[in-house]
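This is what each chain is made of:
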Amino acid sequence: MKVAIVAPEVAPFSKTGGLGDVAGALPGALAALGAEVLTISPLYRPVQKHAPESTPHQLQFSLGSLPSGVSVHRSGNHYFLEHRDYFDRDGLYGTSTGDFADNGARFLCLCRGALELLRALGAPDVIHAHDWQTGLIPMYVKTLYRDAFARTRTVFTIHNLAYQGVFGREMMPLTGLGWIHFNWKELEFHGNLNLMKAGLVYADALTTVSPGYAREIQTPEQGYGLEGVLRERSGALHGILNGIDTAEWDPSNDPHLAARYSAGAPAGKAACKAALQRRCGLPERPEVPLVGFVGRLSVQKGIDLLVGLLESMGGEDVHWVILGAGDEIYQKALRAAAVRRPDRVSAHVAFDAALAHQIEAGSDLFVMPSLYEPCGLNQLYSLRYGAVPVVRATGGLADTVHDGENGFTFGPYTVEAFAGALRRALEAFADRAVWRKVMAAGMSRDSSWEASARRYLWLYESLVQG
Ligand code: ADP
């Protein structure tokens, strides 16, 4: 099975979020199962130090009527596409003031460059494209590049449907596809050009990062206008959960922790809790339940509910340790909660990887009241670290946290529902036998990439054989 993964970011070279992690981890996990995998992404400025000095290979093509091209650098099985004007910039997609105005042309260049490269290398069995930046690839494989890739199948993965790559219709000539494709069944979306839609319509199979999110994006609430397209293709749409880096997130071998522990030898977790209480200036009291939160301070993560809950639960003997960076309004609210109850609430406005590990290890419970969550990683870390998750049952959270078994869940997006789930969790915490069982169920979950890679491989095989 020859697989080419094309993505706008591939960790560790380039990463702004979960997509980079997936494109970085999946190739190794697929290769371990016997697939031959290569990856392709742009050579952004911060990435240049990874590109070898070797003489690059030149590829020429045109964007509309304009001659264009890329230089190809190779490092192992990863190919970097270099284009000075488009990719030699500090940010991947924009600056703090907004997206780059020419993102449409930049990622068109990625799509065309990747297909020219794959044509030169020999067509793979499967091209696996990720998010709107590569949305035109499945379409090109069936149109402009039909002859070169007659036997190649395409998979398109949605990491977050809120970002679709919508551009003015004046970009249509650059695609080289002809106005005939500018219609509501293909590229057109409310008078504009929608690059994600191209992937959704043309890929042989679609995936997203959890079965729950696969269902939710077919509804008007979470489909962002593409729910109709997704419903039409629901037979080809699969939810495949992301794995986690089990070497980085391993409580039995985590250099950030005061003590190491595992499901079989859990004693070290108490030392981690005491160390976290000390670090956060909370009284060192082992019997008080400690609740953790780590995440972006944005609407998506349900910070409104978290702030509301801190206000309503002021009287309870519970410790809170909160770590997050993001929206100013949430920073202020969380800092205020910590000022009100310094003996109970410790709030850290920062991006701090070491503290994130220490919170997972030192917490008894971990909350994720997300408004929506395509997959979510923190609940998977929490399960592995024995920090019992209390989550809103949405997207990947609903798929991985099961009420009363390995965690606690709630449905309605309200402070009351959140408080109800937390209260049930605290009752369970008070019963050591029950608690040990819930913790053990979480700690034994297999969140490795191997299980997810197997699913992708089955999907590739079904396409190639079908
Ligand atoms: P999303 O990709 O939507 O932000 P995920 O739960 O999928 O949410 O992944 C977020 C990742 O970023 C996790 O690895 C989490 O630990 C990390 N993270 C988020 N905020 C912080 C922070 N303030 N400090 C350290 N790590 C953070």
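Here the structure is a predicted model, which means the values were calculated and not measured.

What counts and what doesn't
- Residues numbered from 1 in each chain as written.
- Predicted model: local features only at pLDDT ≥ 70, side-chain atom pairs only at ≥ 80, totals over all residues.
- Heavy atoms only, no water.
- Helix = DSSP H or I, 4+ residues; strand = E, 2+ residues; numbered from the N terminus.
- Contact = heavy atoms within 4.5 Å.
- Polar contact = N/O pair within 3.5 Å; in protein donor to acceptor, adjacent residues only side chain to side chain.
- Phe/Tyr/Trp six-rings, centres within 6.5 Å; stacked < 30°, edge-to-face > 60°.
- Buried < 20%, exposed > 50% of the residue type's maximum accessible area, 1.4 Å probe, protein only.
- Lys NZ or Arg CZ within 6 Å of the ring centre and 35° of its normal.
- Salt bridge = Lys/Arg side-chain N within 4 Å of Asp/Glu carboxyl O.
- Domains from an automatic or database assignment.
- Buried area = accessible area lost by both parts, 1.4 Å probe.
- Pairing = 2+ DSSP bridges.
- Axes fitted to C-alpha atoms, helices over the stretch in contact; angles between N-to-C directions.
- Parallel < 35°, antiparallel > 145°, perpendicular 65-115°, else oblique.
- Nonpolar A, V, L, I, M, F, W, Y, C, P; charged D, E, K, R; others polar.
- 1 Å grid on protein atoms, 1.4 Å probe; cavity = no way out; pocket = protein on both sides within 12 Å on 5 of 7 lines; lining within 4 Å.
- Points joined across faces, edges and corners; volume = space filled by probe spheres on them.

A. Representation of the environment of Glu 216 within the structure. Following the sequence through the fold, Glu 216 ends up in helix α7 (residues 211–216). Those residues within four positions of Glu 216 in sequence are excluded, and the remaining contacts are Gln 222, Gly 223, Thr 394 and Gly 395. A polar contact is formed between the side chain of Glu 216 and the side chain of Thr 394, at a distance of 3.4 Å.

B. Representation of the packing of aromatic side chains. Tallied over the entire structure, the rule returns 15 aromatic pairs. Relative to Trp 132, the ring of Phe 107 has its centre 5.5 Å away and its plane inclined at 80 degrees; by these criteria the two rings are edge-to-face. Of this pair, Phe 107 sits in helix α3 (residues 103–121) while Trp 132 sits in the loop between β8 (126–130) and α4 (136–142), and the two are 25 residues apart along the sequence. There is no split in this pair, since Phe 107 and Trp 132 are both buried. Here the aromatic rings of Trp 249 and Tyr 385 are separated by 5.9 Å at their centres, their planes lie at 75 degrees, and the arrangement is edge-to-face. Taken as a pair, Trp 249 in the loop between β14 (237–239) and α10 (268–279) and Tyr 385 in helix α14 (residues 378–385) lie far apart in primary sequence, 136 residues in all. For Trp 249, a relative accessible area of 7% puts it in the buried group. Put simply, the rings of Tyr 44, Tyr 86, Phe 87, Tyr 93, Phe 107, Trp 132 and Phe 167 touch in pairs and so form one group of aromatic residues. Across the ring face of Phe 100, the terminal group of Arg 89 is positioned such that the distance to the ring centre comes to 4.7 Å. Its end group placed over the ring of Phe 429, Arg 432 keeps NZ or CZ at 5.3 Å from the ring centre.

C. Fine view of the pattern of salt bridges. The full count for this structure, using the stated rule, is 19 salt bridges. Arg 119 is the partner of Glu 116 in a salt bridge, and the nearest nitrogen-oxygen pair spans 3.2 Å. Note that Glu 116 and Arg 119 are positioned in helix α3 at a spacing of three residues, about one turn of the helix. One network of salt bridges, with partners in common, ties together Arg 285, Glu 287, Asp 317 and Arg 344.

D. Quick peek at helix α6 (residues 195–202). Burial analysis of α6 places seven of its eight residues in the buried class, which makes it a mostly covered element. Among all positions in α6, only Leu 195, Met 196, Lys 197, Ala 198, Gly 199, Leu 200 and Tyr 202 are buried. The residue sitting at the N-terminus of α6 and contributing the capping side-chain oxygen is Asn 194; that oxygen lies 3.0 Å from the backbone nitrogen of Met 196.

E. Inspection of the domain arrangement of the chain at higher detail. In terms of domain boundaries, the chain breaks down into domain 1 (2–243 + 450–465) and domain 2 (268–446). Distance between the C-alpha centres of domain 1 and domain 2: 35 Å. Taken together, the contact between domain 1 and domain 2 spans 17 residues of the former and 13 residues of the latter. Taken together, the two surfaces of domain 1 and domain 2 that pack against each other cover about 990 Å², and 55% of this comes from carbon and sulfur. Inspection of the region where domain 1 meets domain 2 yields zero salt bridges. Summed over the shared surface of domain 1 and domain 2, the result is five residue pairs in polar contact (both at pLDDT 80 or more). Among the elements that line the side of domain 1 that touches domain 2, the one with the most residues is α7, at five residues.

F. Structural context of the pairing of strand β15 (residues 290–294). In terms of residue burial, β15 counts as a mostly covered element, since five of its five residues are buried. Burial along β15 is two-sided: Leu 290, Gly 292 and Val 294 facing one way and Val 291 and Phe 293 facing the other are all buried.

G. Layout of the sheet that holds strand β12 (residues 192–194). Ordered in space as β10-β12-β11, the three strands form an open sheet in which the pairing is antiparallel. Both outer strands of the open sheet, β10 (166–167) and β11 (188–189), are each paired with one neighbouring strand and no more. One ladder, built from two bridges, connects β11 with β12; its direction is antiparallel. Directly across from Glu 188, in β12, lies its bridge partner Leu 193. Helix-sheet contacts for α6 involve β10, β11 and β12, and the interaxial angle to β12 is about 55 degrees.

H. Structural detail: the packing of helix α1 (residues 18–32) against helix α18 (residues 449–465). The N-to-C vectors of α1 and α18 enclose an angle of 75 degrees; their axes lie 9 Å apart at closest approach. One finds that α1 runs roughly perpendicular with respect to α18. Note on element contacts: α18 touches α1 through Trp 449, Ala 453, Tyr 456, Leu 457 and Tyr 460, opposite Val 22, Ala 25, Leu 26, Ala 29 and Leu 30. The class makeup of the residues in the contact of α1 with α18 is 10 nonpolar, no polar and no charged.

I. Main features of the layout of surface pockets. Roughly 410 Å³ of internal volume is contained in the second largest pocket. Pro 266, Lys 269, Ala 270, Arg 432 and Met 439 are, among the 21 residues lining the second largest pocket, the residues nearest its centre. Elements represented by at least two residues in the lining of the second largest pocket include exactly α10, α13 (353–362) and α17 (432–443). In terms of residue class, the lining of the second largest pocket is made up of 11 nonpolar, three polar and seven charged.

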